[in-house]
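Coordinates in review
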Amino acid sequence: MAVANDIIRTDIEQYLNQHERKGLLRFITCGSVDDGKSTLIGRLLCDSKALFADQLETVRAESKKFGTQGSDLDLALIVDGLAAEREQGITIDVAYRYFNTERRKFIVADTPGHEQYTRNMITGASTADVAILLIDARKGILTQTRRHAYLASLIGIRNVVLAVNKMDLVKYSEKVFTDIVDRFNEFSSQLEYSHVTAIPMSALIGDNVIEPSVEMPWYHGTTLLSYLETVKIPTDEIQQSAFRLPVQWVNRPNLDFRGFAGTIASGSVKPGDAIRVQPTGKTSTVDRIVTYDGDLEEAVAGQAVTITLKDQIDISRGDIISTTETPASTANQFESTLVWMDEEPLLPGRSYYLKCGTATATATITDIKHEINVNTLEQTAAKKLELNNIGSCNLNLDRQLAFDTYQENQSTGSYILIDRATNHTVGAGTLNFALRRSQNIHMQAVDVDKGLRSELKEQKACVLWFTGLSGSGKSTIANIVEKKLAAKGRHTYLLDGDNVRHGLNKDLGFTDADRVENIRRIGEVARLMVDSGLIVLTAFISPFIAERQMARSLLEDGEFLEIYVETPLAIAEERDPKGLYKKARRGELKNFTGIDSPYEHPESPEILVDTSSMSAEQCAERVIAILRQRGVIQEG
């Protein structure tokens with residue numbers, strides 16, 4: 001820092017130019033809880049002179065209140081900024097810090113070690129070039145150590161520092177260090193790391209962090225800071241990859257300008273380059289590369305630009321602009337590795353929103369191929385994924401997606417899953433490859449379509465989706481409604497829950513996973529029947545909001561009418577026409593809705609009928625009246 005200070009005093013412009021040309025390294029600290037991640041970052045910031053005097057005074061004051069080091073400075077408090085973190089002495093959220101040395105600029109992400117905050121670790125690792133995996137020398141390699149090591153490899157981090165911390169508490173034992181390194185190397189040999197550098201250290205005291213330790217003369221390797229200053233940054237690889245520009249926004253400020261804005265994910269582009277837009281496959285030539293500071297002769301990965309083309313072609317948000325020689329692939333079915341990050345388990349058949357770059361699609365997990373044991377990396381059979389579980393699964397999208405495999409391009413080969421009801425991010429994954437069937441199966445165009453079929457039947461095709469507790473009267477009301485429609489000459493079909501389980505769904509039970517698959521199949525059958533021009537009535541408990549939304553999403557607006565047959569549980573249980581509630585109460589019937597499995601009430605159904613105050617005939621008449629209002633049926 002002394003050299004830098006001399007330059008600042010004599011030539012500030014030279015210093016700023018040198019600083020601008022420094023490379024930027026992003027790295028994370030990860031590992032199990034209480035392994036010393038926050039303390040290590042605090043030591044790096046403190047000893048590299050990256051803290052101002054007032055910041056140090058604040059930390060000293062906080063150390064007296066929340067510190068764990070007695071009267072000494074608690075370095076962990078430098079990055080543990082949340083009140084809950086300081087009170088509990090743990091890291092909860094991802095904390096980012098910037099600092100620089102004479103050789104390089106750094107952005108470090110301090111990620112939490114608790115298993116329940118694994119999603120935050122993934123967030124921090126998603127942009128990192130290097131992972132510092134801390135291990136408490138007293139405890140050795142733990143389950144969370146292996147989980148973070150596997151996730152770092154999965155995300156694509158290839159350079160790892162195995163930081164064996166708290167060596168002072170094991171009397172700087174070379175044997176302890178060697179045993180831990182050997183065990184980790186045995187585990188990591190199955191991962192896709194390029195280099196693993198093991199460093200024995202004490203973050204609290206500073207051994208081998210900035211300066212070599214005098215307490216470990218047997219160690220002759222690098223210090224942590226020296227490693228961070230010299231490790232190769234993969235920026236050049238990204239810029240030399242195939243050109244990819246995910247379109248974020250169609251820029252049209254006036255009638256004379258139409259450009260396509262986004263941040264270049266990889267490669268480079270120049271005016272005159274031939275491009276292809278995926279998934280449409282349309283081609284054109286780059287005319288200009290526009291920025292706020294003027295046009296560019298070339299743009300590279302990481303730059304936010306607006307590209308104009310020589311041809312007027314249709315491009316939308318979510319499309320990917322690439323070169324004609326190496327275009328992005330397109331598919332709607334994938335094999336994927338997925339990290340599940342929600343307390344509600346992942347169930348095959350349930351649909352979610354998928355975001356890949358700037359593109360959004362509706363995705364369904366069609367099959368969980370296996371779950372990955374983070375301790376042994378073995379693949380085990382699984383029907384669902386619980387919180388923090390990692391699995392291999394098949395994805396099916398409702399549209400073609402422009403993509404690269406994650407191994408080829410991390411930006412265009414990764415995605416997140418979003419719950420359609422809560423908008424919470426529930427999963428993050430990588431696209432491994434497109435399933436072959438997605439390339440070989442295409443929709444066959446037909447001349448006789450849904451509109452013509454409905455016109456011939458003189459009705460508006462739709463689904464009347466009756467939902468409610470067992471014993472609420474769904475099937476009874478649906479049956480009366482169908483008879484009234486038939487009497488008016490309408491073409492209908494009633495799909496009843498019990499009847500369907502005698503054939504199409506006889507292989508399904510009543511677990512949450514089977515209930516999801518039950519409704520998925522019914523939704524698909526109902527869609528086909530609507531396409532044939534029928535008025536389809538379905539009478540199913542369908543207890544989960546997500547599955548009812550999935551069934552709705554298969555149809556066009558106005559074709560799905562949710563009819564909530566509301567009945568208090570006490571009344572439904574009193575009716576108990578099939579004796580099922582009594583069996584459930586005796587424990588003879590597991591996963592029974594309303595007893596030991598939840599029913600999620602509709603939030604805004606198109607039709608609401610209450611069988612505790614209305615007869616089945618009155619409920620049916622109300623349904624018919626609303627169908628008239630909506631133009632589903634007309635008196636002729």
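So, here is what we can say about the structure in this document. Model, not experiment: these values are computed from the prediction.

Attention shifts here to empty space enclosed by the protein. Using the criterion set out here, one finds 4 cavities of 30 Å³ or more in the structure. In this model, the largest cavity occupies a volume close to 50 Å³. If you trace the largest cavity, you find it lined by Pro246, Gly318, Ile320, Cys356, Gly357, Thr358, Ala359, Leu401, Ala402, Ser411 and Thr412. Class assignment for the residues of the lining of the largest cavity results in 6 nonpolar, 5 polar and no charged.

In contact at an axis separation of 9 Å, helix H13 (residues 474-487) and helix H19 (residues 616-629) are set at 50 degrees when each is read in the N-to-C sense. Compared by their axis directions, H13 and H19 come out oblique. The handedness of the crossing between H13 and H19 is right-handed. Within the contact between the two elements, H13 uses Thr476, Ile477, Ile480, Val481, Lys484 and Leu485 and H19 uses Ala616, Glu617, Cys619, Ala620, Glu621, Val623, Ile624 and Leu627.

In this section: the nonpolar core. Counting 68 residues, the largest nonpolar core has Phe27, Ile28, Ile132, Leu224 and Leu228 as the members making the most contacts within it. Not counting residues within four places of it along the chain, the set of residues in contact with Ile132 comprises Phe27, Ile28, Thr29, Cys30, Leu40, Val161, Ala163, Leu224 and Leu228. Counting residues in hydrophobic clusters, the runner-up holds 25 residues, among them Ile607, Val623, Ile626 and Ile633.

Turning our eyes to something else, we now look at the packing of aromatic side chains. By the definition in use, this model includes 11 aromatic pairs. Ring centres of Phe27 and Phe99 lie 6.5 Å apart, and the angle between their planes is 90 degrees; this geometry places the pair in the edge-to-face category. Taken together, the residues Phe27 in strand S1 (residues 23-31) and Phe99 in strand S2 (residues 95-100) connect sequence positions 72 residues apart. The exposure class assigned to Phe27 is buried, which follows from its relative accessible area of 1%. Residues Phe177 and Tyr219 carry aromatic rings whose centres are separated by 6.5 Å and whose planes lie at 80 degrees to one another, so their mutual orientation is edge-to-face. Taken as a pair, Phe177 in helix H8 (residues 174-188) and Tyr219 in the loop between strand S6 (195-200) and helix H9 (224-230) lie far apart in primary sequence, 42 residues in all.

This part takes up the side chain of Thr323. Among the structural elements, Thr323 can be located in strand S15 (residues 320-323). Residue Thr323 is classed as buried on the basis of its relative accessible area, which comes to 14%. Of the polar contacts made by the side chain of Thr323, one reaches the side chain of Thr326; its length is 2.9 Å. Beyond its immediate stretch of four places on either side in the chain, Thr323 contacts Phe243, Ala274, Ile275 and Arg276.

Procedures and definitions
Position labels on residues start from 1 in each chain and follow its written sequence. Local features in this predicted model are restricted to residues of pLDDT 70 or higher, and side-chain atom pairs are both shown and tallied only at a pLDDT of 80 or more, whereas totals for entire chains, interfaces and linings draw on every residue. Note: side-chain values were computed over all heavy atoms of the structure, leaving out hydrogens and water. Detection works on a 1 Å grid of protein atoms alone, calling trapped sets that fit a 1.4 Å probe cavities and calling open sets with protein on both sides within 12 Å along at least five of seven lines pockets, with lining residues defined by an atom within 4 Å of a point. Grid points are joined across faces, edges and corners, and a volume is the space filled by probe spheres set on the points. Amino acids are sorted into nonpolar (Ala, Val, Leu, Ile, Met, Phe, Trp, Tyr, Cys and Pro), charged (Asp, Glu, Lys and Arg) and polar (every other residue, Gly among them). Axes here refer to lines fitted to C-alpha atoms; in helices the fit is confined to the stretch in contact. Angles between the N-to-C directions go from 0 to 180 degrees. Comment: elements are numbered from the N terminus, with helices defined as DSSP H or I runs of at least four residues and strands as E runs of at least two. Our angle categories are set so that under 35 degrees counts as roughly parallel, over 145 as roughly antiparallel, 65 to 115 as roughly perpendicular, and the remainder as oblique. If you view the pair so one helix is near and one far, a crossing is left-handed when the near helix is turned anticlockwise from the far one by less than a right angle, and right-handed when it is turned clockwise. A contact between two residues is defined here by any heavy atoms of the two lying within 4.5 Å. Think of a nonpolar core as a cluster: buried Ala, Val, Leu, Ile, Met, Phe, Trp, Tyr and Cys residues, connected wherever their side-chain atoms sit within 4.5 Å. Burial classes follow relative accessibility: with a 1.4 Å probe on protein chains only, a residue under 20% of its type's maximum area counts as buried, one over 50% as exposed, and anything between as partly exposed. Two aromatic rings from Phe, Tyr or Trp, using only the six-membered ring of Trp, form a pair when their centres are within 6.5 Å; if the ring planes differ by under 30 degrees the pair is stacked, by over 60 it is edge-to-face, and anything between is tilted. Counting of polar contacts relies on pairs of N or O atoms within 3.5 Å, with two restrictions inside protein: one atom must be capable of donating a hydrogen and the other of accepting it, and residues adjacent in sequence are counted only when both atoms are side-chain atoms.

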